[in-house]
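# Structural characterization, general
Letter by letter, the chains look like this.
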Amino acid sequence: MPKTIIISNRLPIKVQRTEEGLTYETSEGGLATGLGSIYKQDDNIWIGWPGTFFNDEAEQQQVTQDLAEQSMHPVFLTEAEIRDFYEGFSNETLWPTFHYFSQYAVYDDAFWEAYQRVNQKFCTAVMERAEPGDTIWVHDYQLLLLPSLIREQIQESTIGFFQHIPFPSFEVFRMLPWRKQILEGMLGADLIGFHTYDDVRHFLSSVSRIVGLSNSQGFIDNGYRTIMVDAFPMGIDDKKYSELAKAPDTKAKMEEYRQALTGQKIVLSIDRLDYSKGIPQRLQAFELFLKENPEFHGKVTLFMLVVPSRDQVDMYRQLKENIDELVGRINSSFRTITWNPIQYFYRSFPIEELSALYSIADIALVTPMRDGMNLVCKEFIASKLDKTGVLILSEMAGASRELADAVLINPNDLGQMVQSLREALEMPEEEQKIRMKHMQDIVQRYNIHHWVDIFMNRLEYIKLKQASMATEYLSAEERDLLLSSFQKAKQRLLFLDYDGTLTSFTKDPKKAIPDEELLSTLECLAQDSKTRVVIVSGRDRNTLQNWLGHLPVDFIAEHGVWFKERNGEWEMPQSLSDAWKDEIRPILELHVSRTPGSFVEEKDFSLVWHYRKVDPVLAALRARELSNYLLFIASNINLQVMEGDKIVEVKNSEINKGIGSTRWMNQHPHDFILCIGDDRTDEDMFRVMPEEAFTIKVGNERSLARFNLDNAKQVRKLLKSLC
Ligand code: GDG
């Protein structure tokens, strides 16, 4: 039975060596709770580092066995690996870059090497367990290369990836020397999730500019698969926090705190020690608040909890010293015998105490410089049983996109933070309750279980979508059938598109001149009296005449404006007007003036705006703008507007390759048809082909064709085999 495999850098467990042997303490973190409903069921497992070094093989075996009972599978990492892969590349390269602190980023090849090796090590661990059909969910920035590594091993696997920290703007991301490899690693997934839509936007723009893959509303087509990118704002286990707030242990703690802080409004701040959290800025704002508002002296306490983290690293040690110094300065400047403005703790608290603090706090001051989501503010909301309390929240935290009823601030604006503190302290209870109710509704509805369900639901959806879009690859068996039908047939029709089908795309369309190999293949096919080769192209007739006119082939040029039978003359059977060009040409020319790198191609009955050399993001924007505008005009003057591969084309509405090829089928009796094309205009041909025709789409996008081939090289190979 297919299973689900969760993979994260750390397993949701703490393993310790004690005198009695190994002890295991499971994590109560939000992610572990949410995914608990998955990994503990059936044969599902969670793969990750157990958090302790085990170099002894017997001990490793023991841990592996013990963890298996809890549906976990350990990846053992060495001290050097943790130093270079985890503390190094993950935390000193990716973490600062992704949080917009590029000035702190270390670019070290040894870290990158270790990162690749450890991602490979995780992949090996996955391969020991994974089978085709399994669903694999990879978590976070330590494992960005893993989706592709797994995909290389099991092509058809279902892979989801979620990133818990922000994805930065392209301008910041591009600074990483290994940016392309990182994106390609992530693109191994079928579904890529972030907390916010902004992260999605930034990721898509980096993929477009660095990898060269565009997207349509969050769907990226990489030629083999459609990958979905979307926002999944993570929630918390809200019930756990509301239940905790009612528990006797919590109540006792609340009482203790209340007595110690009688008459005080409590402002709560909880973070791990990190420069992304904006702790010094918060302290400066509080200091300024005290300076400017002496009437609050003795009436407000900032209860500040900083959870120790990475304090062996220089940067973090300096940050810690800076915080210690600021707290010392503020307390010594403002304190009285009975009042200490800041209660500062540098340690972690048991969850019951945390719950008591959330419950008694009047204000939660959550002001990171950057945060993927920030769960602390959601835990504060879920703990507020009487619905009083105010959340001051940085707009740089992912959570700010959902919690519009918080008092939102920019953490660089000290004045605004001071103002918001005053506003929060003076906010009428009635307003507090209205805002808190709105925020609780959100935290309850979009909780951690909802997050897991919706992510899994979308992962299933994208696999179904991929399956529905897949055209069957022309297998060896089908190829044999095609060959034998071809050989048996007496009157064959071969409809062949030119660009992208017989030749690969070039940056300059004028350079797609047929080479010797192509000319001889076409000639060989067309010389057979039983075979009629029809080149069906969007190109103008002069170009086709120059390039292929000496061969005994037929032509349908300009998508069906001009026809030519072998050895015949060019003819235009329909009376078409090109008067509309005078109206449309200036619009396209204006677009060229505004868009460096683009140009207009003029054919007898169509105008084409080409943008293959334009900056891809600008090009996508301009192409959409142009098509929308043209569509508006076109409906009045009987034109059609088509968006093709790096082009927008306007032409008379009565022309298309389907109508052109139908004419051939009507005029030439046939008992075999092969029809090959690569772009949207070829779909018009596929649509009119009889069911038994061999229709082939070049590339892997959705198509009406029965089969597909990867590229022009494979098309040529197939055609040669027919000679
Ligand atoms: C990432 C992203 C994103 C804190 N102090 C104590 C304690 N905590 C708990 C809190 C909360 C958790 O730690 C911190 O959650 P955050 O969301 O703030 O950040 P991270 O988990 O470090 O990191 C972040 C998150 O992933 C989820 O995607 O929101 O943006 O950086 O649950 O309650 N818990 C206990 N004692 C403490 O002293 N027991």
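Please read all numbers here as calculations on a predicted model, not as lab measurements. (Residues numbered from 1 in each chain as written. Predicted model: local features only at pLDDT ≥ 70, side-chain atom pairs only at ≥ 80, totals over all residues. Heavy atoms only, no water.)

Let us now look at the overall build of the protein chain. Broken down by element type, the protein chain carries 25 helices and 29 strands. Based on the C-alpha atoms only, the size of the protein chain along its principal axes is roughly 105 × 65 × 45 Å. Put simply, the protein chain has 723 residues, and 56% of those count as buried. Of the contacts formed within the protein chain by residues at least 6 apart in sequence, a portion of 71% connects residues at least 24 apart. Total accessible area on the protein chain stands at roughly 31,300 Å², and carbon and sulfur atoms take up 48% of it. With 81 positive and 107 negative side-chain charges, the protein chain shows a spacing of 3 Å between the two charge centroids. (Helix = DSSP H or I, 4+ residues; strand = E, 2+ residues; numbered from the N terminus. Buried < 20%, exposed > 50% of the residue type's maximum accessible area, 1.4 Å probe, protein only. Contact = heavy atoms within 4.5 Å. Areas by Shrake-Rupley, 256 points an atom, 1.4 Å probe, with all protein chains shown as cover. Lys, Arg positive; Asp, Glu negative; His and termini not counted. Charge placed at Lys NZ, Arg CZ, Asp CG, Glu CD.)

A separate point is helix 23 (residues 657-667). Of all the residues in helix 23, the buried ones are Lys 657, Gly 658, Gly 660, Ser 661, Trp 664 and Met 665. All buried residues of helix 23 lie within an arc of 165 degrees about the axis, which places them on one face of the element. As for helix 23, its buried residues are in contact with strand 19 (492-496), strand 20 (531-536), strand 21 (554-557), strand 22 (562-564), strand 27 (672-677) and helix 24 (680-688). In this structure Asn 656 caps helix 23, since a side-chain oxygen of it lies 2.6 Å from the backbone nitrogen of Gly 658. (Arc of directions from axis to C-beta. Polar contact = N/O pair within 3.5 Å; in protein donor to acceptor, adjacent residues only side chain to side chain.)

Turning next to the site of the ligand. Not every one of the 19 residues close to the ligand is listed here, only the nearest: His 164, Phe 349, Asp 371, Leu 375 and Glu 379. At a separation of 2.8 Å, an oxygen atom of the ligand approaches a polar backbone atom of Asn 374. The backbone of Leu 375 places a nitrogen or oxygen atom 2.8 Å from an oxygen atom of the ligand. A total of 740 Å² of accessible area belongs to the ligand in isolation, and the protein chains cover 76% of it. (Near = heavy atom within 4 Å.)

Turning our eyes to something else, we now look at the sheet that holds strand 19. Strand order in this open sheet of 8 strands is 18-29-28-27-19-20-21-22, and the pairing throughout is mixed. The strands lining the two open edges of the sheet, one partner per strand, are strand 18 (472-473) and strand 22. Most of the contacts of helix 20 (residues 541-548) go to strand 21, to which it runs at about 155 degrees, and overall it touches strand 20, strand 21 and strand 22. (Pairing = 2+ DSSP bridges. Axes fitted to C-alpha atoms, helices over the stretch in contact; angles between N-to-C directions.)

A full pass over the atoms with the stated rule returns 39 aromatic pairs. Between Phe 54 and Phe 76, the aromatic rings sit 5.9 Å apart at their centres with planes inclined by 80 degrees, giving edge-to-face as the arrangement. Taken together, the residues Phe 54 in the loop between strand 4 (45-49) and helix 2 (57-68) and Phe 76 in the loop between strand 5 (72-74) and helix 3 (79-98) connect sequence positions 22 residues apart. What makes Phe 54 buried here is its relative accessible area of 1%. Between the aromatic rings of Phe 101 and Tyr 104, the centroid separation amounts to 5.6 Å while the plane-to-plane angle is 15 degrees, which identifies the pairing as stacked. Look at Phe 101 and you get buried, because its relative accessible area is 13%. An aromatic cluster of three or more residues is present, and its members are Phe 85, Phe 89, Tyr 107, Trp 112, Tyr 115 and Trp 178. The aromatic ring of Tyr 100 is capped on one face by Arg 370, whose charged end is 3.9 Å from the ring centroid. (Phe/Tyr/Trp six-rings, centres within 6.5 Å; stacked < 30°, edge-to-face > 60°. Lys NZ or Arg CZ within 6 Å of the ring centre and 35° of its normal.)

Glancing now at the nonpolar core. Residues Ile 7, Ile 182, Met 186, Ile 192, Phe 203 and Leu 283 are the most contacted members of the largest nonpolar core, which totals 94 residues. Residues from two domains meet in this core; each of domain 1 (4-231) and domain 2 (238-445) gives at least three. Residues contacting Ile 182, with those up to four places away along its chain left out, are Phe 89, Leu 94, Trp 112, Leu 144, Leu 145, Phe 173 and Leu 176. Core analysis: the next-biggest nonpolar cluster, separate from the first, contains 42 residues, Leu 482, Ile 676, Phe 694 and Phe 707 among them. (Core = buried A, V, L, I, M, F, W, Y, C linked by side-chain atoms within 4.5 Å. Domains from an automatic or database assignment.)

What follows covers unusual backbone geometry. Phi at Asp 42 is positive, roughly 40 degrees, even though this residue is not glycine. Positive phi values are uncommon outside glycine, yet Ser 71 reaches one of about 60 degrees. By the element assignment, Ser 71 lies in the loop between helix 2 and strand 5. For Ser 71, a relative accessible area of 15% corresponds to the buried category.

Let's shift gears to the domain arrangement of the protein chain. Many authors give the size of an interface as the accessible area that is lost as the parts come together. Each assigned domain of the protein chain is listed with its residue range as follows: domain 1 (4-231), domain 2 (238-445), domain 3 (472-574 + 655-722) and domain 4 (581-652). Just the C-alpha atoms count here: the centres of domain 3 and domain 4 sit 26 Å apart. Counting from both sides, the interface comprises 17 residues of domain 3 and, opposite them, 16 residues of domain 4. Interface area, domain 3 with domain 4, both sides summed: about 1,400 Å², of which 53% is carbon and sulfur. Note that Arg 541 is salt-bridged to Asp 604, the shortest N-O span being 3.3 Å. Counting the contacts that link domain 3 with domain 4 gives 10 residue pairs in polar contact (both at pLDDT 80 or more). (Buried area = accessible area lost by both parts, 1.4 Å probe. Salt bridge = Lys/Arg side-chain N within 4 Å of Asp/Glu carboxyl O.)

Let us now look at the side chain of Asn 91. Structurally, Asn 91 is set in helix 3. Looking at Asn 91, the relative accessible area reads 5%, which means it is buried. Those residues in contact with Asn 91 that sit more than four places away from it in its chain are Tyr 86, Pro 96, Tyr 141, Tyr 275 and Arg 310.

Let us now look at the sheet that holds strand 23 (residues 599-603). Overall, antiparallel pairing links the 4 strands, which are arranged 23-24-26-25 in an open sheet. Each of the sheet's edge strands pairs with one partner strand only, and the pair in question is strand 23 and strand 25 (639-644). Direction aside, the axes of adjacent strands within the sheet are offset by 15 degrees on average. As judged from the 5 bridges shared by strand 23 and strand 24 (residues 606-610), these two strands associate in the antiparallel manner. When the bridges of strand 24 are listed, Lys 603 appears paired with Ser 606. Helix-sheet contacts for helix 21 (residues 581-594) involve strand 23, strand 24, strand 25 and strand 26 (647-652), and the interaxial angle to strand 24 is about 5 degrees.

Following both chains from N to C, one finds helix 9 (residues 238-246) and helix 10 (residues 248-260) inclined at 65 degrees, their axes separated by 5 Å at the closest point. Residues Leu 244, Ala 245 and Lys 246 of helix 9 touch helix 10, and the partners they reach there are Pro 248, Thr 250, Lys 251 and Met 254. Its residues assigned to classes, the contact of helix 9 with helix 10 comprises 4 nonpolar, 1 polar and 2 charged. (Nonpolar A, V, L, I, M, F, W, Y, C, P; charged D, E, K, R; others polar.)

Glancing now at the side chain of Thr 196. With respect to the element layout, Thr 196 can be found in the loop between strand 8 (191-194) and helix 8 (197-211). Dropping the residues within four chain positions of it, Thr 196 is found in contact with Ala 231, Gly 372, Gly 398 and Arg 401.

To continue, consider helix 11 (residues 279-292). If you check helix 11, its first and last C-alpha atoms are 20 Å apart, about what 14 residues at 1.5 Å a residue would give, namely 20 Å. Three or more residues of helix 11 are buried, namely Ile 279, Pro 280, Arg 282, Leu 283, Ala 285, Phe 286, Glu 287, Phe 289 and Leu 290. In this structure, the buried side of helix 11 is in contact with strand 12 (265-272), strand 13 (300-307), helix 12 (314-334), strand 14 (342-346), strand 15 (363-366) and helix 15 (414-426). (Expected span 1.5 Å × (residues − 1).)

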